[in-house]
Amino acid sequence: MSSANTQWLLLIISLPTNSATARMRIWRALKSLGCGFLRDGVYLLPYSRVQQQVLRELSDDTVREGGNAWLLTVQAQSENESEVYRALFDRSGDYEELFKAFAEARKGFSKSTPQEITKSLRRLRRDYEAVRAIDYFPDQAAMQAEVLWMDFVNAADSILSPNEPHAAVERVIPHLELTQYQGRTWATRQHLWVDRVASAWLIRRFIDKKARFLWLNSPGHCPGDALGFDFDGATFTHFGNRVSFEVLLASFALDQDSGLKRIGAIVHALDVGEGFVAEASGFEAVLAGVRQRAKDDDELLSEFSLVLDALYTHFSNDSQSSEMQE
């Protein structure tokens, strides 16, 4: 389809001069959407039903504040005009700022505490995802940003989670009988982080309610009779594109549980940096806070299990409600 046939959303708004608070609120909302600015009070976005609904809500908000608003669907009259519109959404400058921020943060890793690295990772993940969300026409800069972001995440993880497992070659994951995995000793690397704490919760909550855990200084210290997870050579670890949590789901036929799948998507996004999940940043922030408060990994697992229990309940009910509506 010719780019000249692309549909656009045009929002025209005006607010009374005495509505400074409302003007600032609406301006911030338009900025967060990445709207193209044509002139004062005139904004442009590529057409989508979601964007149309968001702009309609802003239009209604404008009218409630005593202003005027018109939301139109328009189309460029030529290829040149379409290119002018697209140029309004050039994010190369935003990506350049991200590249500088990645480089600056990485230079300080050697002198930073794990808490400071986690804080930096969380902040830059939020910034990166914010730019991606408004990059309506991704190009080479977007591809470069993804590569540099993954490089940054891997560098942080090598400090926060040493001995992170390498993905084994993709293979069919056999289904295992739960009855054969009861009252066992399970072992993983100490200083629990995303995949390990979620996997430990999954094991105790859905697989082996009487599980005993060992937190290893080194994967090489894993006893022969323990079931290892999330390290190279472990019984349950990364396979292909699946993180350890997802491998456990598949191994014990839990991968059709909608609540567990939603948690798995968060773990996957945070552990390997693939995909966008809205709850991921909040999940990581809460885990970082619990990690700073807990005196050891047993306390960390105990405290964060309450968070995972709540998320599981929410996601399960949310999925059921969605299915009923469909």
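All figures in this text were calculated on a predicted structure; none of them were measured in a lab.

**Some words on the sheet that holds strand β6 (residues 212–216)**
Sheets are built from strands paired through backbone hydrogen bonds, the pairs being either parallel or antiparallel. Overall, parallel pairing links the 3 strands, which are arranged β6-β5-β7 in an open sheet. Lying at the two open borders of the sheet, with one neighbouring strand each, are β6 and β7 (227–228). Bridge analysis of strand β5 (residues 185–189) against β6 gives 5 bridges, and the strand direction is parallel. Bridge pairing in β6 places Thr-185 opposite Arg-212.

**Structural notes on the UniProt feature "domain: ChrB N-terminal" (unreviewed entry) in the protein chain**
As recorded in UniProt, the sites labelled "domain: ChrB N-terminal" (unreviewed entry) are residues 23–146. The span residues 23–146 carries 63% helix and 14% strand; its end-to-end C-alpha distance comes to 34 Å.

**A look at helix α9 (residues 258–272)**
Taking 1.5 Å of rise per residue, 15 residues should cover 21 Å, and α9 covers 21 Å from first to last C-alpha, within 8% of that figure. Along α9, the positions that sit buried rather than exposed are Gly-259, Leu-260, Ile-263, Gly-264, Ile-266, Val-267, His-268, Ala-269, Leu-270 and Asp-271. Of the residues that open α9, the one with a side-chain oxygen 3.0 Å from the backbone nitrogen of Gly-259 is Asp-257. Positive phi shows up at Gly-273, right after α9, with a value of about 75°.

**Regarding unusual backbone geometry**
Of note, the phi angle at His-191 is positive, near 60°, even though the residue is not glycine. The phi torsion at Asp-230 lies on the positive side, around 65°, for a residue other than glycine. Assignment of secondary structure puts Asp-230 in the loop between β7 and α8 (244–251). A relative accessible area of 1% means that Asp-230 is categorised as buried.

**As for the environment of Ile-12**
Assignment of secondary structure puts Ile-12 in strand β1 (residues 7–14). In sequence terms Ile-12 and Asn-68 are 56 residues apart; their C-alpha atoms lie 8.1 Å from each other. Those residues within four positions of Ile-12 in sequence are excluded, and the remaining contacts are Gly-41, Val-42, Asn-68, Ala-69, Trp-70 and Leu-72.

**Points about helix α4 (residues 92–107)**
A rise of 1.5 Å per residue sets the reference length of α4, with its 16 residues, at 22 Å; its end C-alpha atoms lie 23 Å apart and thus fit the reference within 8%. When we look at burial in α4, the residues that qualify are Tyr-95, Leu-98, Phe-99, Phe-102 and Ala-105. Down the axis of α4, the buried set is contained in an arc of 140°. They therefore lie on one face. Among the exposed residues of α4, those pointing more than 90 degrees away from its buried face are Lys-100, Glu-104 and Lys-107.

**Some words on the UniProt feature "domain: ChrB C-terminal" (unreviewed entry) in the protein chain**
Within this structure's numbering, the places UniProt gives as "domain: ChrB C-terminal" (unreviewed entry) are residues 186–315. Along residues 186–315, the helical share is 54% and the strand share 8%, with 27 Å between the first and last C-alpha atoms.

**Brief notes about the domain arrangement of the protein chain**
Reports of interface size often rely on the accessible area that becomes lost once the parts have come together. Splitting the protein chain by domain gives domain 1 (7–88), domain 2 (91–160) and domain 3 (178–324). Using only C-alpha atoms to locate each centre, domain 2 and domain 3 end up separated by 25 Å. Facing the 9 residues of domain 2 at the interface are 13 residues of domain 3. Between domain 2 and domain 3, the buried area comes to about 1,100 Å², and carbon and sulfur atoms account for 49% of it. On the domain 2 side of the contact with domain 3, Arg-122, Arg-125 and Glu-129 bury the most area, a combined 42% of that side's loss. At the surface where domain 2 touches domain 3, the tally comes to 1 salt bridge.

**Re the confidence of the model for the protein chain**
With 93% of its residues at a pLDDT of 70 or more, the protein chain has an overall mean of 88. Per-element confidence in the protein chain is highest for helix α7 (residues 194–207), whose mean pLDDT is 97, and lowest for helix α11 (residues 297–325), whose mean pLDDT is 83. For residues 321–326, every residue scores under 50 in pLDDT, and the model assigns this stretch 0 contacts once sequence neighbours within four places are set aside.

**Some points on the packing of aromatic side chains**
Applying the stated rule across the entire model yields 23 aromatic pairs. Summarising the aromatic geometry, the rings of Phe-102 and Phe-152 are spaced 5.5 Å apart at their centres and angled 20° between planes, so their arrangement reads as stacked. Residue Phe-102 is located in helix α4, and its partner Phe-152 is located in helix α6 (residues 140–160); the two are separated by 50 residues in the primary sequence. Each member of the pair Phe-102 and Phe-152 is classed as buried. Each ring, one from Phe-206 and one from Tyr-312, has its centre 5.1 Å from the other, and the planes form 70°; the classification is edge-to-face. Separated by 106 residues along the polypeptide, Phe-206 in helix α7 and Tyr-312 in helix α11 bring together distant segments of the chain. Given the relative accessible area of 18%, Phe-206 is considered buried. Under the relative-accessibility criterion, Tyr-312 is labelled buried at 14%.

**Considering the sheet that holds β1**
The antiparallel open sheet is built from 4 strands, whose spatial order is β2-β3-β1-β4. What marks the edges here is a single partner per strand, and that holds for β2 (36–39) and β4 (68–75). For this sheet, the mean inter-axis angle between neighbouring strands, taken without regard to orientation, is 25°. Against the sheet, helix α2 (residues 49–64) touches β1, β3 (42–46) and β4, its axis set at about 155° to β4.

Basis of the calculations
- Residues numbered from 1 in each chain as written.
- Predicted model: local features only at pLDDT ≥ 70, side-chain atom pairs only at ≥ 80, totals over all residues.
- Heavy atoms only, no water.
- Pairing = 2+ DSSP bridges.
- Helix = DSSP H or I, 4+ residues; strand = E, 2+ residues; numbered from the N terminus.
- UniProt positions renumbered as here; feature names shortened; annotations may be inferred.
- Expected span 1.5 Å × (residues − 1).
- Buried < 20%, exposed > 50% of the residue type's maximum accessible area, 1.4 Å probe, protein only.
- Polar contact = N/O pair within 3.5 Å; in protein donor to acceptor, adjacent residues only side chain to side chain.
- Contact = heavy atoms within 4.5 Å.
- Arc of directions from axis to C-beta.
- Domains from an automatic or database assignment.
- Buried area = accessible area lost by both parts, 1.4 Å probe.
- Salt bridge = Lys/Arg side-chain N within 4 Å of Asp/Glu carboxyl O.
- pLDDT = per-residue confidence, 0-100.
- Phe/Tyr/Trp six-rings, centres within 6.5 Å; stacked < 30°, edge-to-face > 60°.
- Axes fitted to C-alpha atoms, helices over the stretch in contact; angles between N-to-C directions.

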